[in-house]
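Architecture and fold: a report
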Amino acid sequence: MNKIVRHPASFKDPAGFIFESGGKIYRQVNQRYADEFKLLIDSGLYAKLTSQKQLLSHSAVADNFTGDNEWFTTILPEQLEHISYPYEWSFDQLRDAALLTLSILKTAITHGMILKDATAFNIQFHKGRPVFIDTLSFGKYDPEKPWVAYRQFCEQFLFPLYLEHYLKTDMIPLLSAHHTGISASLTARLLPWRSKWNLGVRLHVLLQRNVSERKQEPNPRITFSKTKLMNVILHLESIIKGLKNRYSEQTTWSNYYDETILGPQYLAAKEKLVTEFLTGMEFSTVLDLGANDGHFTRLVASMGKDVVAADSDSKCINGLYAYAKETKSTNILPLVIDLSNPSPAIGFGNNERAAFGSRMKSDVVLALALIHHLVIGKNIPFDLVANYFASFGKILIVEFVPREDEKVKQLLSSREDVFDDYDERGFEKSFLRHYSIRKKQVIPGTFRVLYSLERI
Amino acid sequence: MILLYVDPGSGSYLVQVIIAAILGALFYFKNLWWQIKAFFTRKKEEPPVEDKPDE
């Protein structure tokens, strides 16, 4: 019998929980959720949502693994390659996740069910698209009641989207500090004046804030109807569909690499070398650190590998997501990650949401045109960078950008040069503590050196 | 019974009641406006079949 490890984030909903056993993730359904679970299946809702790939499918496992008295049944969901969190998503990713939640809600209502929660953590990106993973989020629909998860939906989806839309700066990372969502009162304080003329902002932000701040009767008599609920849902949907990412006027992201780095010849030479280094190697997953516009993410994705692309530039990540969506790529997961400050472990006991580094394991790690940004741009010594990179995977393809390089000169032009060991020797001294060299080659036409390293 | 493990939030039901009422009134006037417009322009314009709320 395999050991059962209950997932540390799976404690809020008494309907069931997630556990790991023998390297697989299962979900136990408890007795108290039996009726709803049967309704989910018998109403045809499960079949409908899984056929549209909106809900993660599962297979039934009859055994009571946990030996729990509360046990009703166990399901084995389709296993996910990666777990990412809302504060790591770009605008379009959060927007698509919001629209998926509303679409599922509408379908549920037509099947006599409703979403009893609307947390963004119920969504994961799987095979290139958002998918709802919490099979136990469906409750029986009572037409006389409004939506129980309305406030949660606003706080986790609508408000962060509104903030990015109106403030035109990265606001989604705020969800890391406010992981249960951004409140209406905080949103109202942050939104600019002009937004307050907007009907959606008036109703869902300002009105909601005002009503929630007023003293409530303990059990107000409230009558509601399906039509009224649909009006509210359709309104939310039309608002979110109307919110555009702030990059939409600039479509230059695909030229980003060329403009900022050394031009097309350099890129072609590097592409050739990376391909050479990877040829004949057995691997299936790649983590592209500092992915920029995803040029090399796309290269390895085209080899049929599963790639996670991490970059702190939300514009690049949003563009890469748009690319993956447009080309229906099922093997690219772009995430907004600042490598000098990657997502921490958060939630109760620091156990609910894992740190970026402990979630991302990969056969090959790419770190191209990145090292100088960390070492010179962020003062992180080679030793620490090497140690962190080594935690992600066995093979590292890393580009060393020396002092003679234009980019490094630029970085050093505005600051004191305190980087005595910033040279090839210093680089190798630190990295060879963790790795051995498989291949090493200067990128033709540049001073840059590309290494293929293997963890010792 | 819906398992209410999520706190709907103070006043969250009341907000939805008010929002639904306002949206309902907006659709009513929007439809009325369509009808008036159709009457004066004497065209057989129909209000949109599936009326979606706008911002």
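The model shown is predicted, which means the values in this text are computed figures rather than measured ones. (Residues numbered from 1 in each chain as written. Chains lettered and ligands numbered in written order. Predicted model: local features only at pLDDT ≥ 70, side-chain atom pairs only at ≥ 80, totals over all residues. Heavy atoms only, no water.)

1. Here we look at the pattern of salt bridges
Residues and elements named next belong to chain A. Taken as a whole and judged by the stated rule, the model has 22 salt bridges over all chains. Note that Lys270 and Glu399 form a salt bridge whose closest N and O atoms lie 2.6 Å from each other. One end of the pair, Lys270, is in helix H10 (residues 264-278); the other, Glu399, is in strand E14 (residues 395-400), and 129 residues separate them in sequence. The exposure classification of Lys270 matches that of Glu399, with both residues buried. Put simply, Lys270, Glu399, Asp405 and Arg448 are held in one network by salt bridges that share partners. (Salt bridge = Lys/Arg side-chain N within 4 Å of Asp/Glu carboxyl O. Helix = DSSP H or I, 4+ residues; strand = E, 2+ residues; numbered from the N terminus. Buried < 20%, exposed > 50% of the residue type's maximum accessible area, 1.4 Å probe, protein only.)

2. Quick look at the environment of Thr135(A)
Residue and element names in this part refer to chain A. Inspection of the secondary structure assignment puts Thr135 in the loop between strand E8 (129-132) and strand E9 (138-140). Among the residues examined, Thr135 registers a relative accessible area of 1% and is labelled buried. Sequence separation between Thr135 and Leu40 is 95 residues, and the spatial gap between their C-alpha atoms is 8.8 Å.

3. Considerations on a nonpolar patch on the surface
On the surface, a cluster of nonpolar side chains totalling about 840 Å² of accessible area is made up of Tyr28(B), Phe29(B), Leu32(B), Trp33(B), Ile36(B), Phe39(B) and Phe40(B). Residue Tyr28(B) is classed as exposed on the basis of its relative accessible area of 52%. (Patch = residues over 30% accessible without salt bridge, like charges linked within 9 Å, V, L, I, M, F, W, Y side chains within 5 Å. Areas by Shrake-Rupley, 256 points an atom, 1.4 Å probe, with all protein chains shown as cover.)

4. Considering the interface of chain B and chain A
With 28 residues of chain B at the contact, the number on the chain A side is 41 residues. When chain B packs against chain A, close to 3,200 Å² is buried across both sides, 70% of that on carbon and sulfur atoms. At the junction of chain B and chain A, the tally comes to 0 salt bridges. In terms of residue class, the side of chain B that touches chain A is built from 19 nonpolar, 6 polar and 3 charged. (Contact = heavy atoms within 4.5 Å. Buried area = accessible area lost by both parts, 1.4 Å probe. Nonpolar A, V, L, I, M, F, W, Y, C, P; charged D, E, K, R; others polar.)

5. Some points on the pairing of E14(A)
Residue and element names in this part refer to chain A. Most of E14 sits out of view: 6 of its 6 residues are buried. Of the two faces of E14, both are covered, the one formed by Ile395, Ile397 and Glu399 as well as the one formed by Leu396, Val398 and Phe400. Sheet topology note: the strand E13 (residues 364-367)/E14 ladder contains 4 bridges and is parallel. Among the inter-strand pairings, Val364 is bridged to a residue of E14, identified as Ile395. For E14 and strand E16 (residues 449-455), the ladder comprises 6 bridges, and the chain directions are antiparallel. Note on E16: the bridge partner recorded for Ile395 is Glu454. (Pairing = 2+ DSSP bridges.)

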